[in-house]
Protein chains: 2
Amino acid sequence: MYDDKYYPNRVPDTRDIALPFNTENINEMSIDIGGSLTKVCYSRPDDTATGVRLCFYSLETDKLDELIEFIKNVLIKYYDHNPSNHLYNPDLVLIATGGGAYKFYDKLRHELHCTVQKEDEMQCLIVGLDFFVTKIRREVFYFDEAEHRYIEVELSEDEQEVMDNQYPYLLVNIGSGVSMIKVTGPGADSFVRVGGSSLGGGTLWGLLSILTDCRTFDEMLEMAAQGNNENVDLLVGDIYGQGYNSIGLKANHIASSMGKVYKRVFEDEKGRMEDRAHRLHKFQQRDIARSLLYAVSNNIGQVAYLQAQRYNLKKIYFAGSYIRNHYQTIRTLSYAIDFWSEGRSKAYFLRHEGFLGSMGAFLMRRDGEPETHPRFVEADLNSLTREATHER
Amino acid sequence: MYDDKYYPNRVPDTRDIALPFNTENINEMSIDIGGSLTKVCYSRPDDTATGVRLCFYSLETDKLDELIEFIKNVLIKYYDHNPSNHLYNPDLVLIATGGGAYKFYDKLRHELHCTVQKEDEMQCLIVGLDFFVTKIRREVFYFDEAEHRYIEVELSEDEQEVMDNQYPYLLVNIGSGVSMIKVTGPGADSFVRVGGSSLGGGTLWGLLSILTDCRTFDEMLEMAAQGNNENVDLLVGDIYGQGYNSIGLKANHIASSMGKVYKRVFEDEKGRMEDRAHRLHKFQQRDIARSLLYAVSNNIGQVAYLQAQRYNLKKIYFAGSYIRNHYQTIRTLSYAIDFWSEGRSKAYFLRHEGFLGSMGAFLMRRDGEPETHPRFVEADLNSLTREATHER
């Protein structure tokens, strides 16, 4: 839910999408089960206007049972299906993607008593991205380094023009880990996973869950926003002094993430033996949070730039649940692409960043092909609105 | 000092280099002051044979005063110069490189009472590498993935052939941070820093100094050798199950470094509030050490591969004090290059990996040019031996 008090650290995040010209409720929902988070996409009648609303919801994959309860409530409320009756409804389809679609296939089928249709994870990501980028206004934005603010990308009224300008691009999906996918066109044969990294959201969440007292990833990000990484990072200026250096980097460039910690620990101890918990308390949680947020984001930015450069892709979309529309994260990814490409490539972000896979799955037809002309084309795109609602 | 008990986790590391045909002691020494470690190279008469020995010594940069005492002892013992007399000796030259050469220039000059000649860090790295690679037998080795053992690179007797085969290459120097340098020939204009990373030795040392009870980096590496990263890393198999996955990665591939930690912390708490020190103790230090060693090494390997691929460089030398001739580190870097390049690029390592900069500085003449025909060419390379000795 978007809360203005977070600005400028947040931009509006995952709101429902109203489809006022879509009068028929769609008897489908989708689930994208990732390594850390599970994302759900479903439609329901609009209470306040004509048409339907596309709704988005996510929960930790560890709480899959809780999420299944949520889905049951949605099915009872809007889909005329009560799984507690133990009556199997083959006409109701849950389209499942993500790693867990395979792992939890039987569980989903058994507990929801409906058809579970598995779809390829990467294809769903691409289909979802293409939908958000070409059909939904105010979805895509970038951070303008010069003006130091978010800029929304205008969506041309000419749908063909939008499609023509869309390819090629690199999709960097940041969940627990990172996947990088080169996309050259809309077809199923037009994308390939070109690389990835194990240093992703799971790494930052994992490290910060033992290096801070935070309980949620959003708390960690709020903490990072307050911290000063210069207390723990070794800067170029710390090594070279403020004057000349031959490597051509600014004095405030980070030479070594967490590079001041080791020195500090052993300077303080002076031969005494302290355990890790004592050492940990020498450092401000917020400084560590900021340092590691920068380290992981910078690194993803650099690897993404190198992959984009390798295939001559100027446009890079960053998506996945890691970003969470968080100001520092977006800034760092955006700055990294600008720095490494010397302004030649550009980083784009999406409001529904975490829901590409579930959105794409939602759009898959029963024959496993994506909707090339989604039902929602009937909607007047100019009249799309967003509001925050939740089923609980 | 090389100790056989560490095998196979270690290969022989920084030994002196004997130069039996070099009868004249060289009235010079060099220092390379990095962000974390300072490295010294000096020559002294050989006690056991004719000629001189090149000696190598390093200490944390924070202990620079202790290191200056060490240098004073060497100067008194072998260089006919006693800085305590406060008599300035302009004929004695300390050649200084690394970031600290600028920062500590006045201090060195004031305390050692000799000429301090600053030299460019990157050029010293390249000159040092070229010397080790082309002049010193048994210096360069690689890890053979198929045979699962270290292989020493044979040095041709034909010096010209050695030089001809040397270029181009990528030098990846891993200290506190990482620098990547493309080298196309022996000249001063033939190298350029193409990239780097803030995720280097300083990051691993920093994180492990608060996540383990270890007191030295060697202790951290020993601990990592005992750990099992699968207890904290999220593997592809943990997400997809052991069966099919569409992304084409093996089940034991690391999807997210430290990706199991977040779940485990919050599963255990079940709503209770625990602080970071309590959470930390849920995990084995050795598992974290192994995970982070893999994460940092894998990442450096991937970025190095992408940079090498960008400039079509087949040969990648890994150097710097991070590696410490440690088995897992070498294995991981080597595997990463093999994996990403599909066998087309190769990772090489050096026994004197941490001393490229100080060796290169040692070889710089007073006019700032490297010795193109180092004095040591007179030595019969076949008779070079190495022994571990230390001035204390």
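Here the structure is a predicted model, which means the values were calculated and not measured.

Things to note about the sheet that holds strand β6 (residues 114–118) of chain A
All names here are of chain A. Across the sheet, six strands lie side by side as β1-β4-β3-β2-β5-β6; this open sheet has mixed pairing. Each edge of the open sheet carries a strand with a single partner, namely β1 (17–19) and β6. Going across the sheet, the axis of each strand differs from the next one's by a mean of 25 degrees, ignoring polarity. For β1 and strand β4 (residues 52–60), the ladder comprises three bridges, and the chain directions are antiparallel. What sits directly across from Leu19, in β4, is Val52. Each of β2 (28–33), β3 (37–45), β4 and β5 (89–97) is contacted by helix α1 (residues 64–78), which is oriented at about 10 degrees to β3, the strand it contacts most.

A few points about the environment of Leu170 of chain B
All names here are of chain B. Mapped onto the elements of the fold, Leu170 is located in strand β9 (residues 169–174). With relative accessibility at 0%, the residue Leu170 sits in the buried group. With 10 residues separating them in the primary sequence, Leu170 and Met180 have C-alpha atoms 6.8 Å apart. Leave out the neighbours within four places in its chain, and Leu170 touches Met180, Ile181, Lys182, Val194, Ala304, Gln307, Ala308, Leu313, Lys315, Ile316 and Tyr317.

Observations concerning the relation of the copies chain B and chain A
Expressed as a screw transformation, the operator carrying chain B onto chain A has a rotation angle of 180 degrees and an axial translation of 0.0 Å, and the superposed copies differ by an RMSD of 0.1 Å. A rotation of that kind, with that shift, is consistent with a two-fold axis. The C-alpha atom lying nearest the rotation axis in chain B is that of Ala277 of chain B; the distance is 2.5 Å.

Looking at the side chain of Lys72 of chain A
All names here are of chain A. Mapped onto the elements of the fold, Lys72 is located in helix α1. Given a relative accessible area of 16%, Lys72 falls into the buried group. If near-sequence neighbours (up to four positions away) are discounted, Lys72 is found in contact with Pro83, Glu111 and Leu112.

Comments concerning empty space enclosed by the protein
Per the stated rule, a full pass over the model turns up one cavity of 30 Å³ or more. There is about 120 Å³ of room inside the largest cavity. Elements with a minimum of two residues in the lining of the largest cavity: α6 (201–211) and α11 (285–310) of chain A together with α6 (201–211) and α11 (285–310) of chain B. Across the lining of the largest cavity, the residue classes tally to 10 nonpolar, two polar and no charged.

Details of the environment of Ser30 of chain B
Residue and element names in this part refer to chain B. With respect to the helices and strands, Ser30 occurs in strand β2 (residues 28–33). Note on Ser30: relative accessible area 0%, which makes it buried. With near-sequence residues (within four places) excluded, Ser30 lies in contact with Lys39, Val40, Cys41, Leu94, Ile95, Ser358, Ala361 and Phe362. Within the local environment of Ser30, its side chain forms a polar contact with the backbone oxygen of Ser358, the two atoms lying 2.7 Å apart.

Observations concerning the domain arrangement of chain A
All names here are of chain A. Each domain of chain A was delimited in the assignment, giving domain 1 (8–138 + 354–391) and domain 2 (140–232 + 283–350). Contacts between the two partners involve 28 residues from domain 1 and, on the opposite side, 34 residues from domain 2. Summed over both partners, the interface of domain 1 with domain 2 buries about 2,800 Å², with 60% contributed by carbon and sulfur atoms. Across the salt bridge formed by Arg138 and Glu152, the nearest N and O atoms sit 3.1 Å from each other.

Considerations on the confidence of the model for chain A
Residues and elements named next belong to chain A. Predicted confidence across chain A gives a mean pLDDT of 84, with 86% of residues reaching 70 or more. In this model residues 1–13 is a low-confidence stretch, pLDDT under 50, and it forms 27 contacts with partners more than four residues away in sequence or in other chains. Segment residues 373–392: pLDDT under 50, and 61 contacts once partners within four positions in sequence are set aside and those in other chains are kept. Reported confidences for the modelled complex are a pTM of 0.87 and an ipTM of 0.87.

Looking at the packing of α11 of chain A against helix α12 (residues 327–341) of chain A
Residue and element names in this part refer to chain A. At a minimum axis separation of 8 Å, α11 and α12 run at an interaxial angle of 40 degrees. As far as their axial angle goes, α12 and α11 are oblique. Judged by the twist between their axes, the crossing of α11 over α12 is right-handed. When α11 is examined against α12, the residues Arg290, Leu293, Tyr294, Ser297, Asn298, Ile300, Gly301, Gln302, Ala304 and Tyr305 are found in contact with a partner set consisting of Gln328, Thr329, Thr332, Leu333, Ala336, Ile337, Trp340 and Ser341. Looking at the contact of α11 with α12 residue by residue, the classes come out as nine nonpolar, eight polar and one charged.

A few points about the interface of chain B and chain A
Between chain B and chain A, the residue contacts involve 80 residues of the former and 79 residues of the latter. The junction of chain B with chain A conceals about 6,900 Å² of combined surface from both sides, 56% of it contributed by carbon and sulfur atoms. Of all residues in chain B, the largest losses of buried area upon contact with chain A belong to Arg215, Tyr262 and Arg276 of chain B, amounting jointly to 14% of the total for that side. Here chain B is connected to chain A by two salt bridges. The salt bridge partner of Lys263 of chain B is Asp62 of chain A, with a shortest N-O separation of 3.9 Å. Applying the counting criterion to the chain B and chain A interface returns 29 residue pairs in polar contact (both at pLDDT 80 or more). Here the side of chain B that touches chain A is composed, by residue class, of 35 nonpolar, 28 polar and 17 charged.

Thoughts on the pattern of salt bridges
Residue and element names in this part refer to chain A. On inspection of all chains with the given rule, the structure shows 24 salt bridges over all chains. In this structure, the salt-bridge partner of Glu342 is Arg344, at a minimum N-O distance of 3.7 Å. Comparing Glu342 with Arg344, the two get one shared label, exposed. The network of salt bridges with shared partners includes Asp65, Lys107 and Glu111.

What to know about the packing of aromatic side chains
Enumeration according to the criterion identifies 42 aromatic pairs over all chains in this entry. Taking 5.6 Å as the distance between ring centres and 80 degrees as the angle between the ring planes, the aromatic pair formed by Phe143 of chain B and Tyr150 of chain B counts as edge-to-face. An identical accessibility class is assigned to Phe143 of chain B and Tyr150 of chain B; each is buried. Taken together, the ring pairs in this structure connect Phe141, Phe143, Tyr150, Phe318, Tyr327 and Phe349 of chain A into an aromatic cluster. Looking at Lys346 of chain B, its charged tip hangs above the ring of Tyr142 of chain B, at a distance of 4.1 Å from the centre.

A closer look at the sheet that holds strand β9 (residues 169–174) of chain A
Residue and element names in this part refer to chain A. Pairing within the open sheet is mixed, and its seven strands lie in the order β8-β7-β15-β14-β9-β10-β11. Looking at strand neighbours, the two that pair on one side only are β8 (149–152) and β11 (191–197), the edges of this open sheet. For this sheet the average axis-to-axis angle between neighbouring strands, irrespective of direction, equals 30 degrees. Here strand β7 (residues 140–144) pairs with β8 via four bridges, running antiparallel. Counted as the bridge partner of Asp144 is Arg149 from β8. Against the sheet, helix α4 (residues 121–135) engages β7, β9, β10 (178–183), β11, β14 (315–319) and β15 (346–350), with an angle of about 110 degrees to β9.

Digging into the nonpolar core
Judged by nonpolar contacts, the single largest core of 106 residues is most densely connected at Val172, Ile300 and Phe318 of chain A together with Val172 and Phe318 of chain B. Setting aside chain neighbours within four positions, we find Val172 of chain B in contact with Val178, Ser179, Met180, Ile300, Ala304, Ile316, Tyr317, Phe318 and Ala319 of chain B.

Basis of the calculations
- Numbering of residues starts from 1 in every chain and runs along the sequence as written.
- Labels follow written order: the first chain is A, the first ligand is 1, and so on.
- pLDDT decides what is reported in this predicted model: residues at 70 or higher carry local features, side-chain atom pairs at 80 or more are listed and counted, and totals for whole chains, interfaces and linings draw on all residues regardless.
- Hydrogens and waters are ignored; side-chain quantities use all the structure's heavy atoms.
- The pairing criterion for strands is at least two bridges between them, as found by DSSP.
- What counts as a helix is a DSSP run of H or I of at least four residues, what counts as a strand is a run of E of at least two, and both are numbered from the N terminus.
- The angle between two axes is taken between their N-to-C directions and runs from 0 to 180 degrees, where each axis is a line fitted to C-alpha atoms and a helix contributes only its stretch in contact.
- Contact definition: two residues touch when any of their heavy atoms are within 4.5 Å.
- Summary of the burial criterion: residues with accessible area below 20% of their type's maximum are buried, those above 50% are exposed, and those between are partly exposed, where the area comes from a 1.4 Å probe applied to protein chains only.
- We superpose the copies by least squares over the C-alpha atoms of residues that have a pLDDT of at least 70 in both of them.
- In the cavity and pocket records, a cavity denotes points on a 1 Å grid over the protein atoms alone where a 1.4 Å probe fits but cannot get out, a pocket denotes an open set with protein on both sides within 12 Å along at least 5 of 7 lines, and lining residues are residues with an atom within 4 Å of a point.
- Grid points are joined across faces, edges and corners, and a volume is the space filled by probe spheres set on the points.
- Classes in brief: Ala, Val, Leu, Ile, Met, Phe, Trp, Tyr, Cys and Pro nonpolar; Asp, Glu, Lys and Arg charged; the others, Gly included, polar.
- Under the rule applied, a polar contact is a pair of N or O atoms within 3.5 Å (in protein, one hydrogen donor and one hydrogen acceptor; residues adjacent in sequence only if both atoms are side-chain atoms).
- Domain limits in this description derive from either an automatic procedure or a database domain assignment.
- By buried area we mean the combined loss of accessible area, with a 1.4 Å probe, across both parts when two parts are placed together.
- A side-chain nitrogen of Lys or Arg and a carboxyl oxygen of Asp or Glu constitute a salt bridge if their distance falls within 4 Å.
- Every residue is assigned a pLDDT by the predictor, reflecting its confidence on a scale from 0 to 100.
- Should an angle fall under 35 degrees it is called roughly parallel, over 145 degrees roughly antiparallel, and 65 to 115 degrees roughly perpendicular, with every other angle called oblique.
- For any pair of crossing helices, the crossing counts as left-handed if the nearer helix is rotated counterclockwise from the farther one by less than a right angle, and right-handed if it is rotated clockwise.
- Two aromatic rings from Phe, Tyr or Trp, using only the six-membered ring of Trp, form a pair when their centres are within 6.5 Å; if the ring planes differ by under 30 degrees the pair is stacked, by over 60 it is edge-to-face, and anything between is tilted.
- Look at NZ for Lys and CZ for Arg. If either is within 6 Å of the ring centre and within 35 degrees of the ring normal, a charge sits over the ring.
- The term nonpolar core refers to a set of buried residues drawn from Ala, Val, Leu, Ile, Met, Phe, Trp, Tyr and Cys, joined through side-chain atoms within 4.5 Å.

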